[in-house]
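Given next are the chains, with one letter for each unit.
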Amino acid sequence: MYDVSGIEALADALVFNGSLNSLDLSRNNIGPEGAEALTVALTPNAAGLCNRSLDTLDVRGNAITGEAAEQLAKAVLEHPSMKVFNTIAMQDVKNDQLTQLDLRKADVGIPGVVVLSKLLVFNGSLNTVNLSWNNIGPDGAKALAVALTPNEDGVFNESLNTLNLDRNQLCGVDGDGDGTSDASGIKALANALASNKSLNTLNLADNDVGDEGEAAVQEVVKKHPNVATFNLKI
């Protein structure tokens, strides 16, 4: 198992490595600091140097959250060779080669769901995404909401009609009631529903969304003409 200094040393070496194409760092507790080191290795420095050989990277199970997750996701998306990140087939999603994506129990993490959400904005082929049992939390919910909401150019995902977010602690509380309640993610999803008319099946079961979250979603669903199947069982 790596510590932060080990990850930093590895990241420094990656900048100059031109042969390694797959790196599995899953469940090494590298945390945000380790993620920041990897981001530096994947991003061109002032001299234009960075790792360009990796096409598969796995950092699942490393408690990477917040700004570190956002920056790592950005570096992965801009990397010239990356095809698979946290088991997400990025290249296939980019090239509209999939109609279904099953990531249940994949533990994609916040960096993974941010990468997927950015790809979904421009994807025109996926109609079903299963992200159940990934514990993406409020931050993951907010990332997905961005993909489903028109941006300043009016661009958003219009192909997705089925989204499964069962058991993801979307409001920060687990099945035992542990955690801190945060309805910001579920509210963001509710707002996305209001403007996205293609999504007609949404599974939010077993997320303990609380009264505030449930009210927000139910209000939007009443006005959403295309929601044929909606599950908010808690």
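This one's a predicted model, so the numbers in the text were calculated from it and none came from an experiment. (Residues numbered from 1 in each chain as written. Predicted model: local features only at pLDDT ≥ 70, side-chain atom pairs only at ≥ 80, totals over all residues. Heavy atoms only, no water.)

### As for the overall build of the protein
When helices and strands are tallied, the protein shows eight helices and nine strands. Taking 234 residues into account, the globule formula puts the C-alpha radius of gyration at 17 Å, and the protein, at 18 Å, falls close to it. Seen along its three principal axes, the alpha-carbon backbone of the protein occupies a region of about 55 × 40 × 30 Å. Residue burial in the protein is summarised as follows: out of 234 residues, 48% are buried. Contacts in the protein between residues at least 24 apart in sequence constitute 78% of all its contacts with a sequence separation of at least 6. Here the protein displays about 10800 Å² of accessible surface, and carbon together with sulfur accounts for 47% of that area. (Helix = DSSP H or I, 4+ residues; strand = E, 2+ residues; numbered from the N terminus. Rg over C-alpha atoms; globule rule 2.2 N^0.38 Å. Buried < 20%, exposed > 50% of the residue type's maximum accessible area, 1.4 Å probe, protein only. Contact = heavy atoms within 4.5 Å. Areas by Shrake-Rupley, 256 points an atom, 1.4 Å probe, with all protein chains shown as cover.)

### Quick word on the sheet that holds strand 2 (residues 56-58)
Spatially, 1-2-3-4 is the arrangement adopted by the four strands of the open sheet, whose pairing is mixed. Single-partner strands in this sheet number two, and they are strand 1 (22-24) and strand 4 (88-89). Where strand 2 and strand 3 (residues 84-85) come together, two bridges link them in parallel fashion. The residue bridging threonine 56 from the neighbouring strand is valine 84, located in strand 3. (Pairing = 2+ DSSP bridges.)

### Quick word on the pattern of salt bridges
Across all of its chains, the model carries seven salt bridges by this definition. Aspartate 107 is the salt-bridge partner of arginine 27, the closest N and O atoms lying 3.1 Å from each other. With a gap of 80 residues between them, arginine 27 in the loop between strand 1 and helix 2 (31-42) and aspartate 107 in the loop between strand 5 (100-102) and helix 5 (109-122) connect regions that are remote in the sequence. Aspartate 102 is paired through a salt bridge with arginine 104; the nearest N and O atoms lie 2.9 Å apart. (Salt bridge = Lys/Arg side-chain N within 4 Å of Asp/Glu carboxyl O.)

### Regarding unusual backbone geometry
Not every positive phi belongs to a glycine, and alanine 63 is a case in point at roughly 55°. Relative to the helices and strands, alanine 63 resides in the loop between strand 2 and helix 3 (66-78). With phi around 55°, aspartate 96 is a residue other than glycine that occupies positive phi space. As for its position among the elements, aspartate 96 is in the loop between helix 4 (90-94) and strand 5.

### Some words on helix 7 (residues 184-195)
Between its first and last C-alpha, helix 7 extends 17 Å over twelve residues, near the 16 Å set by a 1.5 Å rise per residue. Along helix 7, the residues classified as buried are Gly185, Ile186, Leu189, Ala190, Ala192 and Leu193. When helix 7 is viewed along its axis, its buried side chains cluster within an angular range of 160° and face the same direction. (Expected span 1.5 Å × (residues − 1). Arc of directions from axis to C-beta.)

### Focus: the packing of helix 5 against helix 6 (residues 137-148)
Across the interface, helix 5 lies against helix 6 with an axial gap of 8 Å and an inter-helix angle of 10°. Between helix 5 and helix 6, the angle is such that the two are roughly parallel. From helix 5, Ile110, Val113, Val114, Ser117, Leu120 and Val121 reach across to helix 6, where they touch Asp139, Gly140, Ala143, Leu144 and Ala147. The residue makeup of the contact of helix 5 with helix 6, split by class, is eight nonpolar, two polar and one charged. (Axes fitted to C-alpha atoms, helices over the stretch in contact; angles between N-to-C directions. Parallel < 35°, antiparallel > 145°, perpendicular 65-115°, else oblique. Nonpolar A, V, L, I, M, F, W, Y, C, P; charged D, E, K, R; others polar.)

### Digging into the nonpolar core
Grouped together as the largest cluster of nonpolar side chains are 69 residues, with contacts concentrated most on Leu72, Val76, Leu131, Leu165, Ile186 and Leu189. For this core, the secondary structure elements donating two or more residues are helix 1 (4-16), helix 2, helix 3, helix 4, helix 5, helix 6, helix 7 and helix 8 (210-223). A per-element tally of this core places helix 5 first, with eight residues. Residue contacts for valine 76: discarding those within four places in its chain leaves Leu42, Leu57, Met82, Phe85, Met90 and Val115. (Core = buried A, V, L, I, M, F, W, Y, C linked by side-chain atoms within 4.5 Å.)

### Remarks on a negative patch on the surface
Together, Asp3, Glu8, Asp12, Glu33, Glu36, Glu67 and Glu70 line one region of the surface with negative charge. The set of elements that each furnish at least two residues to the negative patch consists of helix 1, helix 2 and helix 3. When you line up the elements, glutamate 36 lands in helix 2. Residue glutamate 36 is classed as partly exposed on the basis of its relative accessible area of 46%. (Patch = residues over 30% accessible without salt bridge, like charges linked within 9 Å, V, L, I, M, F, W, Y side chains within 5 Å. Lys, Arg positive; Asp, Glu negative; His and termini not counted. Charge placed at Lys NZ, Arg CZ, Asp CG, Glu CD.)

### Notes on the packing of helix 3 against helix 5
Where helix 3 meets helix 5, the axes come as close as 8 Å, and the angle between the chain directions of the two elements is 50°. It follows that helix 3 is oblique to helix 5 by the angle criterion. Note on packing geometry: the crossing formed by helix 3 with helix 5 is right-handed. Contact with helix 3, carried on its side by Ala69, Glu70, Leu72, Ala73, Val76 and Leu77, involves Ile110, Pro111, Val114, Val115, Lys118 and Leu119 of helix 5 and no other residues of that element. Taken together, the residues of the contact of helix 3 with helix 5 break down into ten nonpolar, no polar and two charged. (Left-handed = near helix turned anticlockwise from the far one by under 90°.)

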